[in-house]
Amino acid sequence: MSVPRRVLLVSVLLLAGCSGPAAVPDTTPATVPDTTPATVPATTSATEPAVPAACAERLETGRLPDWADAGFSGDTRVRHVFGTRGDIVAILFAYPLVHARDDGANNKILWVARPETGRSDPARRTPLVITATRVGTDTPVVREVDGGPGPSIVDLPAAGCWRLRLDWSGRTDTMDLVYRPASR
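Residues numbered from 1 in each chain as written. Predicted model: local features only at pLDDT ≥ 70, side-chain atom pairs only at ≥ 80, totals over all residues. Heavy atoms only, no water.

Visitor: Go over the state of the cysteines with me, naming the residues and quoting the values.
Guide: Scanning the model with the defined rule gives one disulfide in all. Here Cys55 pairs with Cys161 through a disulfide, and the sulfurs are 2.1 Å apart. Taking the sign of the torsion about the S-S bond as the criterion, the disulfide between Cys55 and Cys161, at about 80°, is right-handed. Here Cys55 is found in the loop between α1 (5-16) and β1 (59-60), whereas its partner Cys161 is found in strand β9 (residues 160-168), with 106 residues between them in sequence. A single burial state applies to Cys55 and to Cys161, both of which are buried. (Disulfide = S-S within 2.5 Å. Helix = DSSP H or I, 4+ residues; strand = E, 2+ residues; numbered from the N terminus. Buried < 20%, exposed > 50% of the residue type's maximum accessible area, 1.4 Å probe, protein only.)

Dropping the structure here:
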């Protein structure tokens, strides 16, 4: 019995999309090691700056996991980036993120933290502290989101790949986000 080529291609694409923190069951903690992100190819478009090869922005556009989809309805698909441990997700309402925006928009990010397993009472809410370091430099900048993970506007001082350390309520995760230069 032969499988139609289209069915085979769709099966391969579906299997390829079943990796990463979004596939981690809600009942177990994420098992992604907290290490330096994997290497991804650099951006080579003539209209965009080169993104360092070590940048590991893991942008997804699929459905959010159940623990992060409060306020969204139906089969909403939104751009988002998971922390390397899978404990937090940045939902990007502005995309691409842009350094020194001149288009009237802003870099709005909704931060949603995965509920802590085994904890019946909510953790004391503390600010989400974002310590961002542009890849290739060693000078961090700090931003805070009052009240912990939630809605924010996060502007960073230069275009490039930024490695973020996220600290809130005694928890920590990391992720890379790319900020593009403003269009001229």
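Let's pick the thread back up.
Visitor: Summarise the packing of aromatic side chains; cite the residues concerned and give the values.
Guide: Applying the stated criterion across every chain, the model contains two aromatic pairs. Considering the side-chain rings of Phe72 and Phe93, the 6.4 Å spacing of their centres and the 10° angle between planes classify their relative orientation as stacked. In this pair, Phe72 sits in the loop between β1 and β2 (80-82) while Phe93 sits in the loop between β3 (88-92) and β4 (97-99), placing the two residues 21 residues apart along the sequence. Given the relative accessible area of 24%, Phe72 is considered partly exposed. Of note, Lys108 hangs over the ring of Phe93, and the distance from its end group to the ring centre comes to 5.4 Å. (Phe/Tyr/Trp six-rings, centres within 6.5 Å; stacked < 30°, edge-to-face > 60°. Lys NZ or Arg CZ within 6 Å of the ring centre and 35° of its normal.)

Visitor: Can you break down the side chain of Arg171 residue by residue, with the values?
Guide: With respect to the secondary-structure elements, Arg171 resides in strand β10 (residues 171-181). At 2.7 Å, the side chain of Arg171 forms a polar contact with the backbone oxygen of Arg114. Look past the residues within four positions of Arg171 in its chain and what remains in contact with it is Asp87, Ala113, Arg114, Pro115, Glu116 and Leu166. (Polar contact = N/O pair within 3.5 Å; in protein donor to acceptor, adjacent residues only side chain to side chain. Contact = heavy atoms within 4.5 Å.)

Visitor: Can you tell me about the sheet that holds strand β6 (residues 128-134), naming the residues and giving the values?
Guide: Sheets are built from strands paired through backbone hydrogen bonds, the pairs being either parallel or antiparallel. If you walk across this open sheet you meet the five strands as β4-β10-β9-β6-β7, and the pairing is mixed. The open sheet has two edge strands, β4 and β7 (140-145), and neither has a second partner. Recorded for the sheet is a direction-independent mean angle of 35° between the axes of neighbouring strands. Across six bridges, the pairing between β6 and β7 is antiparallel. Bridge assignment links Thr131 to a residue of β7, and that residue is Val142. (Pairing = 2+ DSSP bridges. Axes fitted to C-alpha atoms, helices over the stretch in contact; angles between N-to-C directions.)

Nothing here speaks to function; it is all geometry.
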